[in-house]
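Understanding the architecture of this molecule
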Amino acid sequence: MKIQTGTKEDRTFIREQLIAYNRQHVPKALYEQSEELCFTASNEKGECIGGITASYGWQHIHVQFLWVSDTARQAGVGTRLLQAIEGYAKEARCTKVLLDTFDFQAPDFYRKHGYEEY
């Protein structure tokens with residue numbers, strides 16, 4: 001056996017192989033349901049002051065980005081954006097919401113909202 005660095009094509013092949021395997025073992029509806037999500041917050045001038053992006057699939061949400069402008073921080077914008085994603089998750093009967101953050105970003109914000117580190 002030889003282990004080596006793979007190519008972009010190798011990555012695609014590996015992904016496709018695992019997806020094909022998974023499809024043999026899960027209900028069709030589970031692997032067909034996926035969606036890219038985005039919610040934005042605007043100020044009274046219509047300017048974007050925050051947003052959240054996520055992907056939905058396999059009965060869970062993966063938050064990719066949550067951003068709030070410097071001028072709108074500490075005003076509840078992040079909380080409302082997170083609640084929008086959580087509302088979607090509840091309606092879609094998701095089993096979990098996953099996200100990641102750096103120490104210099106907002107770990108305390110997420111803990112305050114009930115998120116746990118794993």
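Everything in this summary refers to the structure shown in the same document. What you are looking at is a predicted structure, and each value in this text was computed from that prediction instead of being measured.

**Quick word on the overall build of the chain**
Regarding its fold elements, the chain presents four helices and four strands. When the elements of the chain are put in sequence order from the N terminus, they spell out α-α-β-β-β-α-β-α. Taking 118 residues into account, the globule formula puts the C-alpha radius of gyration at 13 Å, and the chain, at 18 Å, lies well above it. Across its three principal directions, the C-alpha atoms of the chain cover 55 × 35 × 30 Å. In the chain, which comprises 118 residues, the share counted as buried stands at 26%. Approximately 9500 Å² of the chain is accessible, and the part contributed by carbon and sulfur atoms is 51%. For the chain, the distance from the average site of its 14 positive side-chain charges to the average site of its 16 negative ones is 4 Å.

**Remarks on the nonpolar core**
Ranked by size, the top nonpolar core spans 21 residues in total, and within it Leu37, Ile61, Val63, Val77 and Ile85 carry the most contacts. Mapped onto this core, the elements with two or more residues apiece are β1 (34-42), β2 (48-57), β3 (60-68), α3 (77-91) and α4 (107-112). Excluding residues that lie within four positions of it along the chain, Ile85 makes contacts with Leu37, Phe39, Ile52, Ala54, Ile61 and Val63.

**Observations regarding the packing of aromatic side chains**
In this structure the tally under the stated criterion is four aromatic pairs. Between Tyr110 and Tyr115 the ring centres are 6.0 Å apart and the planes differ by 75°, which places this aromatic pair in the edge-to-face class. Residue Tyr110 is classed as buried on the basis of its relative accessible area, which comes to 8%. One aromatic cluster is present, built from ring pairs that chain together Phe109, Tyr110 and Tyr115.

**Here's the deal with unusual backbone geometry**
Backbone geometry at Trp58 places phi at a positive 55°, although glycine is not the residue there. Tracing the sequence through the fold places Trp58 in the loop between β2 and β3. If you check the backbone angles, Gln59 has positive phi at about 60° while not being a glycine. With respect to the secondary-structure elements, Gln59 resides in the loop between β2 and β3. For Gln59, a relative accessible area of 36% puts it in the partly exposed group.

**A few points about the sheet that holds β2**
What the four strands build is an open sheet, ordered β1-β2-β3-β4; its pairing is mixed. In the strand order of this sheet, the two ends are held by β1 and β4 (96-98), each with one partner. Averaged over all pairs of adjacent strands, the angle between their axes in this sheet comes to 25°, without regard to strand direction. Two elements, β1 and β2, share nine bridges in a ladder whose sense is antiparallel. Counterpart to Thr40 in the pairing with β2 is Gly51. Contacts between α3 and the sheet are confined to β1, β2, β3 and β4, with β3 contributing the most and set at about 165° to the helix.

What counts and what doesn't
Residues numbered from 1 in each chain as written. Predicted model: local features only at pLDDT ≥ 70, side-chain atom pairs only at ≥ 80, totals over all residues. Heavy atoms only, no water. Helix = DSSP H or I, 4+ residues; strand = E, 2+ residues; numbered from the N terminus. Rg over C-alpha atoms; globule rule 2.2 N^0.38 Å. Buried < 20%, exposed > 50% of the residue type's maximum accessible area, 1.4 Å probe, protein only. Areas by Shrake-Rupley, 256 points an atom, 1.4 Å probe, with all protein chains shown as cover. Lys, Arg positive; Asp, Glu negative; His and termini not counted. Charge placed at Lys NZ, Arg CZ, Asp CG, Glu CD. Core = buried A, V, L, I, M, F, W, Y, C linked by side-chain atoms within 4.5 Å. Contact = heavy atoms within 4.5 Å. Phe/Tyr/Trp six-rings, centres within 6.5 Å; stacked < 30°, edge-to-face > 60°. Pairing = 2+ DSSP bridges. Axes fitted to C-alpha atoms, helices over the stretch in contact; angles between N-to-C directions.

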